[in-house]
Structures are given as C-alpha cells and as structure tokens.
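This is what each chain is made of:
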Amino acid sequence: MKSWIKALQKTPGEWEICRIRQNYQSLKLVNGEPAALERSDRSGHALRLVVDDGQAFAFTRDGKPDRKLLEELEEIARGGARRPLKFTAPPLTEAQNDRSTGSALIDPAELLEPARQAAEHLLKIPGVSVDVNISSDEEELSICNSAGRNSSRFRQSLGFSITADLTEPGNMLTLPRGRELTVADHHLPLQLAEELAEEVSQARQVASFNAGQHEVLFSPRALGDILVALESGLNGQAIALGRSPLAGRCGEAILNEKLTLIEDPTLPGGNRGGIFDDEGIPCLIRPLVENGIMRNTLHNLQSATLAGTESTGNGHRLQMVFGRRDLRSRPGISRSHWRIDPGAETSQQLLGNIRDGLYADILVGSFMGDLTTGNFQATLWLGWHVIRGRIAGRVKNAMVTGNIYRILGEQLLALSQERGDPRENSGLQLPSALCRDVTVAC
Amino acid sequence: MERLAISHADRQEAVTREKNSGVSVRVFAGGGSAFATADSPEQLDEWLPGLIQQAGALGSAGDHPARVAPLKRRSPLRLRLDPRCVSLTEKRDFIHSLHDRCLAHPAGIAQASASYEEQIIRRIFVNSDGTETQRHFLDLQGSFSATAIQGDVRQFDFESTGSNRDYAVVLGLGGMVDSVCTMANALSRAPKVEPGRYDVVLDHLLAGVFVHEAFGHTAEADSISSSPERMRLLSPGTVLGSRKLTIYDTGRAPGSRGHLPFDDEGVLCERSMLIERGVVTGLLHSRLTANRMKMKPTGSARALDVAHPPIVRMRCTCIAQGRDHLEDMISGIDDGLYCCKSKGGIGGEMFTFTTLYSRRIKNGKLGELVRDATLSGNLFTTLREIDGIGNDFRVTEMAGGCGKDGQFPLPVSAGSPHIRIRGVIAGGG
C-alpha cells in the first residue's frame, strides 16, 4: 500500500485508497456428512480520485501502482460531471484506531461435531434434508486519504447456518436459521436445530386464509425484512435531493410514538458494525427515530458533501444477499446495526390478542418494491393463521403489502417485550410488531 | 477481467474501472471436495497438499464428478461492434444523453438514471482428465429509467438490454426514451391494482422472469440432489404443468448474455429439456449432481468468477413457442390483467415476480392502465394453470443478473412468447 500512496500523492486533487483483504474458510455438510470445503484469501486496492470536483473510482488486484490506471482515473475525473466530494479524517480514539478483534482464522472443523448433531436431530423428521454451513471469515481494511486518515480495521466472525428442506406431496419448504457464534458456543447448533425442528413439524399443517385486511404480528425476522423500506427513506442522498418522503421532516413525527429506533454499531452480528465505516468515518450510537420523531439520517461522504453536513459513518460497501460483502464496490449509504426499543407485552400476549389474523414469521422480496415511497410487497415465506390467539396452521401462497410509514405509524398496535438476537438477524435487534389492517393477498 | 461501469443518476455521474484476476483450484478426493482461491498460483501451491488431504477426509464414497470426455476448446472473442473501439468519452456522452433527454422530456420526468457496464473476461480451465478450455468473452449491459411524480405517487418505467458481442445493442436504448417517459408519466396517474386473484397474460419480458423463478431455480439439480424426496417429486415423468407447456434451458444463444459454448467444468453446452408438454423430462446438472442422480452433465456448471466454485446455474431459460394468438388469449379473459415488464423475482415453492405495469382486461378487452402489481404463484399449481402459449417467441435481455449462494449477478437470459395463466395472486401496493 505504501507504494500506492506514494504514487497517489503525485496525482493532483484528493485521493483515497483502501487495501482490502478477505480471507475465509467454510465447511459444508450435506445431511450431516462433511461434503465440501472452501478456502479463499484475496486482497486488492480500491481507489478514489477527485480532481476539479470530478470523480473516478477503481478496484485492482495489483499490489504495485499501475501508472496507466492512475492516468486513466485522472482523465475520467477531469472529464466528468462536477460532483464535489471531500475526504475527511475525523479523529479516532486510540481504542478505535488499529483495533483488532479475535485471533487467527478459526478452523470451521472445530464445530464439526456440534454441526453433525444438529443435522442428525433434524434428519429424524421424515421428508427433511439438511444443509449446514460453517464459515470463518476475516476482513482487514486499511484506509488512507489525502486528508490524513490512516487507519486499519480488522473483523473476524464465525458463522453457522442450518437449512431444513421439507418435501412432501404438495409441500416444499426451505427453512433457514443462521447465527454468528464463538467457538465456545458448542450447544447453539443443536439449539437452533431444535427450534427449526419445531417449525418444520408445525409447517406440515396447512391452513386456509382469507385475503383482506388483518391484524398481523410481524416477527423480528419479518420486521427486519420490511425495515429496508425505512432505511431507504432515511438515506441522506434521497433526502438531500428531495426524493424521500422524509425530506425536511427531521424533528417531526414520522412513525408511531411507541417506536424508538437506535443505530448501534456495537451490536454483534452482521458486518456493518464496528469502529468506522468503509470511508474511515467513526460509527456512532445515535437515535434515528425517538418516540416516533425523526432525529437523524444516514450519510456517507458523498451525500454529506451534497447536503452540506458531515458523514454519519454510514458509508458501507455492498452487502450481497446471502453472501459476503463486495469490497470491490464503491461505498454507498446503508445502515450499520439497529435496535428498536421493546414494548411492554410479551410476544405470546400479543399473539393472544389476535382474533383472526396472521403471524408473519419470514417475508421475502420486500426489497423489490419502490422503497423510496415506503411501499413494499413481500411474499409470505413462513406464516401462520392465528385464530383466537392460537396458531391454526401454516398459510401458503400469500403476500403482505403495505407502506412502512403507515405500518409502523397509525397501524402499529404494540411492540413485544422480547427482542430477537442480532446475531441471527444481520445486526438487527428487533421486537415483534403487532399491526392492524394489514393487506394480505392470497 | 477488465470492467468499466458508467452510471448517471440525479445529475451525478460515477465511473468505475476494475482490473481483477486470480486463480482457483478444486480437488475431488475420496468422495469430498475442496475449493480454494487466491491472488496468485504460488499461494495455492502452498495450500494444495492440505486441500487434497482435507478433501479426502470429507464426503461419502460415491460423491465424485461424472466422467466426461476431455474437451480441448478455445472460444475467442467474436464481436460485431467492439466496445473497446468506442471511446470512454463517447460512452459517457451516450449515458449522459439518455439521462438528460429523460429529464428534458415534455412528460415531466422528475428523476432519471442511466447506466452502462462492460466486462471483458478471459477464463482458462484445466483439469486432470485432460480438459483444457479457454473462453474470452464480453458481457455488456445498459439500462435507463425515468420516474414521474404525481403528489405522493412515484412511478417509473425503464428499458434495459445486454449482449455478449455488440455495443450497438446498447445504442438502441436511445430510441426508447420517448416511450419510457410517456409510460412513467401515465403510470403516475394510474390507479393501483386491487390485491386479489386474476387471470393474467404475461408479455415476453415478464414471462421470461416467470419461467426463471417459477421453475428454473427448482430445476437446478444441486437444490434437490441431497433430498431423496425432492428427487422423487421432480423425477422425469412427473406432471407439473399444463400439456401446452414446454420449458428448456440452453447455452446456445449467440449474442445473448446467457450464451455459453461450454461451461466452467469444461462440459459442452446443449439445449436441456426440462418440461415437455407439462411433464418433467430433465434437470440442469453439473458433473457432481449428474453423478449423484445418474444423469448426464448438461453444461450448466457456472462460476460467477474465479473466486467462486462452479455450481448449477441457468443460462438462457425458455418457454417454447406455442400456437395461440395474443388477441385470443386476451379475449378469453373476463376479468384479469395484461402484465408487462418485470423488476425481478424470487424462486421457491412459492415464487414471486414483480410487474412494472399492467392493463386491466374486462370482458375480453384491454382497459385502463394500473400499477404496483406483484404476482405470486406456487410451483405445484401455477404451471398447470397455463392455458395459453403464444406464437410470438422472443429472447429477452435484461441488465443485472441472477443470484444464488452468494454468486450475484450472473448474466443470464430468458425467452418466451406471451403466455396466459389462470388464477394468479396479485399483491397491490
């Protein structure tokens, strides 16, 4: 990286360089037997150049400076539309700088026996096949820029996922559970398998359901899926450009007063938490919505420059769905880790309040809607018909639609006391949410 | 691999250059497999003895790739208009013009975006059976969208395209600005679809996404090869669709993003029949799944890039041409929708595919424009409800790609005529 920095220092304008190294080992078990091993160690440099307020971005695996690439970047930046961007270097505490977590890459085989036991537990159920994946990941990011930022961040995680595929005539269901673990969590794979086994057994019983408007209890997982619409509304660039329905509404009530949403990068799970974001800006604990009132937005350096403010440490690279982060991508704007303050009643009590409605456990596809408006349409992957407070069977072939500002606004009845584990929900620590008049199509 | 990406949105441009390379190895030993990827061959050399040992310690005795004849083949770049002959300035100017023309359109467009991406990739594959293949290929894609706003309602229309050989395909987007802006404006004034069940006619684009999500992913054998129950449920001879329905997946689609002469295991690509007259006749196989299920590999093993192992993927997935006329399919519907274009989808027993816009069908006639319909179906029922297959087959290309097991976006294509399906769930906005 030093030679790249020397070369960049000779270019006009401002610059940023990230050296990124991703290293992982994963072990896949099929029906309880180890089947495939994967190993990767890749690194590269992501470069940004700003010349005369024009920008260029590049990613290269070359360890040594590529003069031709730098010349091309300068040409691109000079020839481009004006798009001011200011690199900054806000101070980091000593604890935040050069902090390493964890030790050398953990061998996933250390969890082989617990993984086998977990799979065997599920394989006892007729019609079920099981996939298990144990993955040990390391990510090292070093960032330097022309404003004087020079920091490193090291993350390590051990992930465990187990998927049960239920197949019987007229019924084909895939149920996943996943969690970030430590090696000491030997009991957790079996615990996850037991929870999954219960779900699979219940899922065999299919219930009818009438389309219309219903009371719906969203599980923490389902709530996490539809929150992507709120994340889109809080996007600082969308707000600065007047695209978001939340533009100009900081300080106003945008959601139900029961709802307080905090951005908390110290929460475990996911991979957008930690000390600083992918632009070297410190990540902070701060309220986004407080008792329904909007308090803050999400900015990266680009959107902050556009809005005439400072980055909020939300400059994160692309998170692939069901995959790793794509560290070759340019930092966009996304949440780090979130938590919603709990309510007073238990989930069981909330369920008990439903006369004839739905418990939406897993939703998929809400990201395909026009999220800027807050509208979403999600397929019910796993959901239950609730009659007089009791689960009456699984609902198939249904979709849940709505607008996030109404669902968590006037339609929100209550939040549960318990919250899901952020290590199972991509860094989201969420309660269940009971909402009225939710549209279900089936 | 060398990549160029240009995007222009909200009057802001972003240009990205990427140079990427690497090496990977996959070892099959004693019934298990080990895959490793690194920046340099020297790094893999260090790991290799350990990989062989670890692979041998894994897996059941019978799990190994099916035997195929060694293939020695090169597939060079064959281009019509080579994007490397077009300057960066020209490309930027074209993308800017799409963006600016949308914003200047008399329909009153509030927001526009346009993007272009080209990748030139050289992939070399060698295995211990004697196969040596080299593929030098281009993947390019372009798209633009226009958003209109009426009060609280924001609606957009878009066009996208792609090719593996011809930059001129992207230039064709220029002729679509007027129709896209006009439709965006019309959609912003259109009512929402009421959620419910409808008889629907799908256009080529949407039908292509439908077949990809409704059956394509299910037909990828690695999603079922570990489950004896799923293998039985989807075994050849199973009736899954109506008698009119024939589905296949092919790598032989020259010019198309899903075109593949041979796959990333060195297996020649062919047309793979999946459903014929409603009956399952085959699946998509890699060498591993072919061995597990005692079938032939179909040339369907694809890796997103060198950092990922090949897994079973689609290429160009098609509903075969039928005999029905579009007018007859529409006139046969009392109360339904004519659904057009797609924003994507998700597969599974319950699959979802989003429409960009629809027209109501009442008493056999096309009616008002409506918006925000996401359609959902079930593998075991929806395919049987296809009762109309058009005589107007077309291959369609879209920007973006397919995602599976963390490998996204893989370039794929789809082909279909118009089709009619009875009783599909539509979730309105």
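Residues numbered from 1 in each chain as written. Chains lettered and ligands numbered in written order. Predicted model: local features only at pLDDT ≥ 70, side-chain atom pairs only at ≥ 80, totals over all residues. Heavy atoms only, no water.

> I keep staring at the overall build of chain A and nothing clicks. Help me out?
Counting its regular elements, chain A contains 9 helices and 23 strands. C-alpha extents for chain A along the principal axes are approximately 70 × 55 × 35 Å. For chain A, the residues scored as buried account for 60% of the 442 residues in total. Relative to all contacts within chain A whose residues are 6 or more apart in sequence, the contacts with residues 24 or more apart total 71%. On chain A, roughly 16,500 Å² of surface is accessible, and the fraction owed to carbon and sulfur atoms is 47%. Here chain A contributes 49 positively and 55 negatively charged side chains, and the mean placements of these two sets differ by 3 Å. (Helix = DSSP H or I, 4+ residues; strand = E, 2+ residues; numbered from the N terminus. Buried < 20%, exposed > 50% of the residue type's maximum accessible area, 1.4 Å probe, protein only. Contact = heavy atoms within 4.5 Å. Areas by Shrake-Rupley, 256 points an atom, 1.4 Å probe, with all protein chains shown as cover. Lys, Arg positive; Asp, Glu negative; His and termini not counted. Charge placed at Lys NZ, Arg CZ, Asp CG, Glu CD.)

> Just checking my understanding: could you explain the interface of chain A and chain B for this structure?
How big an interface is tends to be reported as the loss of accessible area on association of its parts. Contacts between the two partners involve 73 residues from chain A, matched on the other side by 73 residues from chain B. Taken together, both faces of the contact between chain A and chain B bury some 6,100 Å²; the carbon and sulfur share is 52%. The interface formed by chain A and chain B contains 8 salt bridges. A salt bridge links B:R230 to A:D165, with the nearest nitrogen and oxygen atoms 3.8 Å apart. Joining chain A to chain B, the criterion identifies 36 residue pairs in polar contact (both at pLDDT 80 or more). Looking at the side of chain A that touches chain B element by element, the count peaks at 10 residues for strand β2 (residues 33-51) of chain A. For the side of chain A that touches chain B, the residue count by class is 32 nonpolar, 22 polar and 19 charged. Where β2(A) lies against strand β4 (residues 32-38) of chain B, 6 bridges are found, and the strand directions are parallel. Note on β4(B): the bridge partner recorded for A:E38 is B:F35. (Buried area = accessible area lost by both parts, 1.4 Å probe. Salt bridge = Lys/Arg side-chain N within 4 Å of Asp/Glu carboxyl O. Polar contact = N/O pair within 3.5 Å; in protein donor to acceptor, adjacent residues only side chain to side chain. Nonpolar A, V, L, I, M, F, W, Y, C, P; charged D, E, K, R; others polar. Pairing = 2+ DSSP bridges.)

> Explain the packing of helix α3 (residues 112-123) of chain A against helix α4 (residues 188-203) of chain A to me, please; I cannot follow it from the model alone.
For any two helices packed against each other, the geometry is given by the interaxial angle and the distance between the axes. Residue and element names in this part refer to chain A. At a minimum axis separation of 8 Å, α3 and α4 run at an interaxial angle of 15°. Taken together, the axes of α3 and α4 are roughly parallel relative to one another. With respect to the hand of their crossing, α3 and α4 are arranged in right-handed fashion. Contact residues: α3 offers P114, A115, Q117, A118, H121 and L122, while α4 offers P189, L190, A193, E194, L196 and A197. (Axes fitted to C-alpha atoms, helices over the stretch in contact; angles between N-to-C directions. Parallel < 35°, antiparallel > 145°, perpendicular 65-115°, else oblique. Left-handed = near helix turned anticlockwise from the far one by under 90°.)

> Help me understand the pairing of strand β23 (residues 407-410) of chain B, please; the structure alone is not making it clear to me.
Side-chain direction in a regular strand flips from residue to residue, so the side chains alternate between the two faces of the sheet. Residue and element names in this part refer to chain B. Across 2 bridges, the pairing between strand β22 (residues 402-404) and β23 is antiparallel. Opposite C402, over in β23, you have L410 as the bridge partner. Counted between consecutive antiparallel strands, the loop separating β22 from β23 contains 2 residues, among which D405 sits at a positive phi close to 50°.

> Explanation requested: a positive patch on the surface in the structure shown.
There is a patch of like positive charges on the surface, built from A:K2, A:K6, A:K10 and A:R67. For A:K6, the location among the structural elements is in helix α1 (residues 2-9). (Patch = residues over 30% accessible without salt bridge, like charges linked within 9 Å, V, L, I, M, F, W, Y side chains within 5 Å.)

> Could you clarify how one ought to interpret the sheet that holds strand β9 (residues 261-263) of chain A in this entry?
Each strand in a sheet pairs with its neighbour through backbone hydrogen bonds, running either in the same direction (parallel) or in the opposite one (antiparallel). Residues and elements named next belong to chain A. Judged by pairing direction, the sheet is mixed, and its 5 strands sit side by side in the order β11-β10-β9-β16-β22 without closing on themselves. Of all the strands in the sheet, just β11 (293-294) and β22 (428-429) have a single pairing partner and so form its edges. Together, β9, β16 (338-340) and β22 form the strand contacts of helix α5 (residues 220-233), whose direction differs from that of β16 by roughly 110°.

> What should I look at first to understand the nonpolar core in this one?
Nonpolar side chains in soluble globular proteins tend to end up buried together. Residue and element names in this part refer to chain A. Judged by nonpolar contacts, the single largest core of 55 residues is most densely connected at L122, V128, V132, I134, F160 and I162. For this core, the element with the most residues is α4, which contributes 7 residues. Ignoring any residue separated from it by four or fewer positions in sequence, one finds V132 in contact with L27, K28, L29, A115, A119, F160, S161 and I162. (Core = buried A, V, L, I, M, F, W, Y, C linked by side-chain atoms within 4.5 Å.)

> Quick question: what am I supposed to make of the sheet that holds strand β11 (residues 271-276) of chain B here?
Residues and elements named next belong to chain B. The strand order β12-β11-β10-β15-β24-β21 describes an open sheet built from 6 strands, whose pairing is mixed. At either margin of the open sheet sits one strand with a lone partner, and together these are β12 (279-280) and β21 (394-396). Where strand β10 (residues 247-250) lies against β11, 4 bridges are found, and the strand directions are antiparallel. Across the sheet, the residue bridging to T250 is R271, located in β11.

> Before we go on, may I ask you to explain the side chain of B:S160 in this structure?
Residue and element names in this part refer to chain B. Mapped onto the fold, S160 is located in strand β8 (residues 153-163). The exposure class of S160 is buried, given its relative accessible area of 12%. Here the side chain of S160 touches A399 through a polar contact of 3.3 Å, landing on its backbone nitrogen.

> Looking at this model, I keep getting lost on unusual backbone geometry. Mind explaining?
Peptide bonds are trans in most cases, and residues, glycine excluded, mostly fall at negative phi. Residues and elements named next belong to chain B. A cis amide bond links F408 with the next residue in sequence, P409, at an omega value of 0°. Of note in the backbone geometry, R277 takes a positive phi value of approximately 50° without being a glycine. Examined against the element boundaries, R277 turns out to sit in the loop between β11 and β12.

> I keep staring at the confidence of the model for chain B and nothing clicks. Help me out?
Reading fine detail from the predicted coordinates is not recommended where pLDDT is low. Mean pLDDT over chain B: 93, with 99% of residues reaching 70 or higher. Complex prediction metrics read pTM 0.93 and ipTM 0.90. (pLDDT = per-residue confidence, 0-100.)

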